[in-house]
Amino acid sequence: MATSVKRIPLNWYRDDIENRLGFRGGRFTRVNNVLAFFIGALAAVAFYSALIPLSDTALARTFTQRGPTQYAAVVLCGWSAAILLLKWRKLALQRKTLRYIVVPEEHDFVLSPVTVDQVMQLIASTVDDHRQFVLFNRIVVALSNLRNLGRVTDVDDILRSQAEQDQSSMETSYSLLQAFVWAIPVLGFIGTVLGLSEAIGAFSGVLAGAASVSEIATALQEVIAGLATAFETTLVALVMALGIQLLLAALKKAEEEFLDECSEYCLRHIVGRLRLLPYENVESE
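Residues numbered from 1 in each chain as written. Predicted model: local features only at pLDDT ≥ 70, side-chain atom pairs only at ≥ 80, totals over all residues. Heavy atoms only, no water.

**Q** Any chance you could explain the overall build of the protein here in plain terms?
**A** Scanning the protein from N- to C-terminus turns up 11 helices and zero strands. The linear arrangement of helices and strands in the protein, starting from the amino end, is α-α-α-α-α-α-α-α-α-α-α. For the protein, with 285 residues in total, the buried portion stands at 43%. A fraction of 77% describes how many contacts in the protein between residues 6 or more apart in sequence connect residues 24 or more apart. For the protein, the accessible surface area stands at approximately 15,200 Å², while carbon and sulfur atoms represent 63% of it. (Helix = DSSP H or I, 4+ residues; strand = E, 2+ residues; numbered from the N terminus. Buried < 20%, exposed > 50% of the residue type's maximum accessible area, 1.4 Å probe, protein only. Contact = heavy atoms within 4.5 Å. Areas by Shrake-Rupley, 256 points an atom, 1.4 Å probe, with all protein chains shown as cover.)

Take a look at the structure:
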């Protein structure tokens, strides 16, 4: 029985980045959010540690002297970046399945209820757990139906149904990221409100208590500090959200392309090898 070029079997428990870090790996490209939070928090701590020698610079003041919302925005940004990084690594592992041909490549091989077990054995020798891989899980679900019911005509419908489920699962895996893209600018706007409140309060104090021009000039420094908080928190939050959104869009596009390649793989190597059985020909007539 001829197969594709010999390749090292895929091992999800060994190769998945979350499992390698000692956490429970999410299925397919889903991310363990607890691990992502830890990575994001560590990144935030590292970022603020790097600002300590730069405490007199405008950059450090922007992130350390503009209210509590800056800290929250940095943590959410780090958390989002960690999710994107983990999903990117998990997607790279999923893409490796496209290199494996799990259907015998002889020209006379016909996929039918009788030959399903050959394909199942090839899949079992290719991966340790097919349920963790989008492509192989899709194939096994369809072939299990073929083996149990013996209807070749149902395989294509099941593959299409699985493709729709995989698409839906992919969409929901981005829900938390999309929430962060919404929440980070909101934090910026909250910082703006706090900064404006601070500036207005300080300005009211200037008008009420200052007696000389020098006192007014000194007091206006507090007003300017409040305005700086108002504008810089929004600026930083919008830049963060924009960066995350662009990376999210690029990764989501790559994942959609992967799902399309999975559908093409199934069409070529599974549906293309099916043959109607005699009783199915009679029914179709």
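**Q** Got a minute to help me understand the pattern of salt bridges in this structure?
**A** Oppositely charged side chains may form a pair once their charged atoms are brought near each other. In this structure the tally under the stated criterion is 11 salt bridges. The shortest N-O distance in the salt bridge between Arg131 and Asp129 comes to 3.0 Å. We note a salt bridge from Arg268 to Glu264, for which the minimum N-O separation is 2.7 Å. In this pair, Arg268 and Glu264 both sit in helix α10 (residues 213-269), four residues apart, roughly one turn of the helix. The exposure class assigned to Arg268 is exposed, which follows from its relative accessible area of 53%. A relative accessible area of 44% places Glu264 in the partly exposed class. If you follow the salt bridges from partner to partner, you end up with Asp16, Glu18 and Lys90 in one network. (Salt bridge = Lys/Arg side-chain N within 4 Å of Asp/Glu carboxyl O.)

**Q** Looking at this structure, I do not really get the side chain of Glu18. What am I missing?
**A** Within the secondary structure, Glu18 sits in helix α2 (residues 17-20). Its relative accessible area of 0% is what places Glu18 among the buried residues. Of note is the side chain of Glu18, whose polar atom sits 3.2 Å from the side chain of Lys90. (Polar contact = N/O pair within 3.5 Å; in protein donor to acceptor, adjacent residues only side chain to side chain.)

**Q** How should the nonpolar core be read in this particular structure?
**A** Where a protein is soluble and globular, its nonpolar side chains tend to be buried together. In this structure, Phe136, Ile139 and Leu143 are the most contacted members of the largest nonpolar core, which totals 67 residues. At the level of elements, α3 (33-51), α5 (68-95), α6 (116-126), α7 (134-149), α8 (153-172), α9 (175-209) and α10 are the ones that each hand at least two residues to this core. Top contributing element to this core by residue count: α10, with 11 residues. Excluding residues within four positions of it along the chain, Ile139 makes contact with Val102, Ile123, Leu159, Tyr265, Cys266 and Ile270. (Core = buried A, V, L, I, M, F, W, Y, C linked by side-chain atoms within 4.5 Å.)

**Q** What's the story with the environment of Thr126 in this structure? I'm lost.
**A** Inspection of the secondary structure assignment puts Thr126 in helix α6. Note: C-alpha distance between Thr126 and Thr97 (29 residues apart in sequence) is 8.9 Å. Dropping the residues within four chain positions of it, Thr126 is found in contact with Pro9, Leu10, Tyr100, Val102 and Phe136. Engagement of the side chain of Thr126 in a polar contact is seen with the backbone oxygen of Leu122, the distance being 2.6 Å.

**Q** Could you clarify how one ought to interpret unusual backbone geometry in this entry?
**A** The general pattern is negative phi for most residues beyond glycine and trans for most peptide bonds. If you check the backbone angles, Phe28 has positive phi at about 55° while not being a glycine. When you line up the elements, Phe28 lands in the loop between α2 and α3. Overall, the relative accessible area of 9% leaves Phe28 in the buried class.

**Q** Sorry if this is basic, but what is going on with the packing of aromatic side chains here?
**A** Given two aromatic rings, their pairing is described by the distance between the two centres and the angle made by the two planes. All told, the structure shown has nine aromatic pairs when counted by the stated rule. Relative to Trp79, the ring of Phe37 has its centre 5.0 Å away and its plane inclined at 70°; by these criteria the two rings are edge-to-face. In this pair, Phe37 is assigned in helix α3 and Trp79 in helix α5, connecting sequence segments 42 residues apart. A network of ring pairs unites the aromatic residues Phe23, Phe37, Phe38, Trp79 and Phe180 as a single cluster. Lying across the ring of Trp88, Arg89 places its NZ or CZ 5.3 Å from the centre. (Phe/Tyr/Trp six-rings, centres within 6.5 Å; stacked < 30°, edge-to-face > 60°. Lys NZ or Arg CZ within 6 Å of the ring centre and 35° of its normal.)

**Q** Sorry, what's going on with empty space enclosed by the protein here?
**A** Empty space left among the atoms is revealed by rolling a probe the size of a water molecule over them. One pass over the structure, following the stated rule, counts one cavity of 30 Å³ or more. In this model, the largest cavity occupies a volume close to 80 Å³. Lining the largest cavity are Arg27, Phe28, Thr29, Arg30, Val134, Asp166, Ser169, Met170, Ser173, Glu255, Phe258 and Leu259. For the lining of the largest cavity, the secondary-structure elements that each account for two or more residues are α8 and α10. (1 Å grid on protein atoms, 1.4 Å probe; cavity = no way out; pocket = protein on both sides within 12 Å on 5 of 7 lines; lining within 4 Å. Points joined across faces, edges and corners; volume = space filled by probe spheres on them.)

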